[in-house]
Each structure stands twice: as C-alpha cells, then as structure tokens.
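Observations on the model geometry
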Amino acid sequence: MSIWNWLTTTYLSLAFLTFLPTLWAICRGTELKPGGASFDVSPHFSEEARQLLNQHYSRINGTLSFWKSEAAKNARFHYYCLWWSIISSALMPIFTQFIEKGADVKWLLTAVSIHIALILGFHKGLRVAENFRAFRHGESEFYDLYRRMLDMPKRLGDTEQEQVDRYFEQVEALRRLIRNAETDNLPTLDNIRTPQRSGPTSS
C-alpha cells in the first residue's frame, strides 16, 4: 500500500469515527436531567395552581425532550462540519502539490472533496446551524421562564391567576416561535386564518 492509499484510508477512517458521536445522538436522543425542586413544593402557589402548573409541565415534557435531542444532534453535526471544513481546507492545497505523483494522490483528493461536498451539502440543506440555534435558544428560554416562574412569579403578574396565565401564554408563544423556526417560517393555520367579524358592518 502506497503512502497515498494509507492517507486516504486514514482520512476516511477518522472522518467516520468522528461522525459516531453525531450518529449516536441521532439514534439515541437525549434525556432530560432532573431539574430540582418544582412547582409541587413551591411556597408561592396554591394547591390548585400547583396542580395546573404540574399538569402543564407534564404536557410540555415531551416537547422539551425533543428540543434537547434536536439541539444536541444539530450541535454535534454542526461542529463536525466546522472542524472538518477547516482541516480539509488546510490539507487540499498541500495535497494538490503532489498531484503529479499519480492516481493514488488523485483518489485522496477525490475522497476529501466528496466528503466535504457531502457534509456541507447536508449542513446547508438540513439547515443544521439554524436548527441548532433555534432549538438551543428555545430550550434555554423555556428554562429561564420556568425558573422565573418558580423563583420570582411576581415578575409575571401581581396575582396568582395573572402569573399562571402569563406563564402559559409565554410558553405557548415560545413553542410557536420554535415551530416556525423548525419549519423554515412556514405560515401556520393561525397565521392565515381570516379573523371573524365581531358584528354586522354598516353599508
């Protein structure tokens, strides 16, 4: 085996091995970690409010798991593409200096070119960077709001009812924001629905 064939095999092996963490995140997903004391032991709310807040959290728990998993796999693939783009950009000019050595060098250059074309194509086509930012931002914003509701509920309203209602409204707005980012800002039914008239109009 020539040095160029060895380099080609080494490059492809490293490219595959470093992709395994991304593949693991895609196949396995990511579990939510326990977040400490929650609404059921909060001194700020009545028993009825605690029940509403806990039920709401149980319904959004699946969404949070999805956001965390999507953020993790997009982050890993994003950094995989970033590092291999830098490495390959540095290697290509060096390898091209030896192109007259024969077909083995050309196979190495072909392997590097195909690898970079594939990962950059998937990175752009799947909107990896945008999805990473959207899901990570959504996850972070929710937990900031969640902790604010637990620790400083009066920042959301003066009364318990106002606090609960505003918390639900802000979570709903956040979910809509991330959904629009995930679907590349496609309009939802609520966006295109024509408002109904509140009463007859005069002619």
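For the structure given in this document, a descriptive report is provided here. (Residues numbered from 1 in each chain as written. Predicted model: local features only at pLDDT ≥ 70, side-chain atom pairs only at ≥ 80, totals over all residues. Heavy atoms only, no water.)

Focus: the pattern of salt bridges
Inspection of the entire model under this criterion finds 5 salt bridges. The shortest N-O distance in the salt bridge between arginine 50 and glutamate 47 comes to 3.2 Å. One end of the pair, arginine 50, and the other, glutamate 47, are both in helix 2 (residues 47–96), 3 residues apart, so they sit about a helical turn from each other. Residue classification places arginine 50 among the buried residues on the basis of a relative accessible area of 16%. For glutamate 47, a relative accessible area of 57% corresponds to the exposed category. (Salt bridge = Lys/Arg side-chain N within 4 Å of Asp/Glu carboxyl O. Helix = DSSP H or I, 4+ residues; strand = E, 2+ residues; numbered from the N terminus. Buried < 20%, exposed > 50% of the residue type's maximum accessible area, 1.4 Å probe, protein only.)

Examining the packing of aromatic side chains
Within this structure, the stated rule accounts for 14 aromatic pairs. Ring geometry for tyrosine 11 and tryptophan 84: centres 5.0 Å apart, planes at 75 degrees, overall edge-to-face. Remark: tryptophan 84 occurs in helix 2 and tyrosine 11 occurs in helix 1 (residues 3–28); sequence separation between them is 73 residues. Using a relative accessible area of 6% as the deciding quantity, one classes tyrosine 11 as buried. When the centroid spacing of 6.2 Å and the interplanar angle of 15 degrees are considered together, the rings of phenylalanine 77 and tyrosine 80 count as stacked. Here phenylalanine 77 pairs with tyrosine 80, and both are found in helix 2, just 3 residues apart, close to one helical turn. Tyrosine 80 matches phenylalanine 77 in its accessibility class, with the two residues each being buried. The structure contains a cluster of three or more aromatic residues connected by ring pairs, namely Tyr11, Phe19, Phe77, Tyr80 and Trp84. (Phe/Tyr/Trp six-rings, centres within 6.5 Å; stacked < 30°, edge-to-face > 60°.)

Thoughts on the side chain of asparagine 74
You can see asparagine 74 is positioned in helix 2. Overall, asparagine 74 belongs to the buried group, its relative accessible area being 8%. In terms of polar contacts, asparagine 74 uses its side chain to reach the backbone carbonyl oxygen of glutamate 70, at 2.7 Å. What asparagine 74 contacts, discounting residues up to four positions off in sequence, is Val128, Asn131, Phe132 and Phe135. (Polar contact = N/O pair within 3.5 Å; in protein donor to acceptor, adjacent residues only side chain to side chain. Contact = heavy atoms within 4.5 Å.)

Section: the packing of helix 2 against helix 4 (residues 128–151)
Their axes nearest at 8 Å, the elements helix 2 and helix 4 cross at an angle of 145 degrees. Of the two elements, helix 2 crosses helix 4, and the hand of that crossing is left-handed. Each residue belonging to the contact of helix 2 with helix 4 can be placed in one class, and the counts come to 18 nonpolar, 4 polar and 4 charged. (Axes fitted to C-alpha atoms, helices over the stretch in contact; angles between N-to-C directions. Left-handed = near helix turned anticlockwise from the far one by under 90°. Nonpolar A, V, L, I, M, F, W, Y, C, P; charged D, E, K, R; others polar.)

What to know about helix 3 (residues 103–125)
A rise of 1.5 Å per residue sets the reference length of helix 3, with its 23 residues, at 33 Å; its end C-alpha atoms lie 32 Å apart and thus fit the reference within 8%. Along helix 3, the residues that are buried comprise Val105, Leu108, Leu109, Ala111, Val112, His115, Ile116, Ile119 and His123. Of the surrounding elements, those touching the buried residues of helix 3 are helix 1, helix 2 and helix 4. Two residues or fewer after helix 3 comes arginine 127, characterised by a positive phi angle close to 55 degrees. (Expected span 1.5 Å × (residues − 1).)

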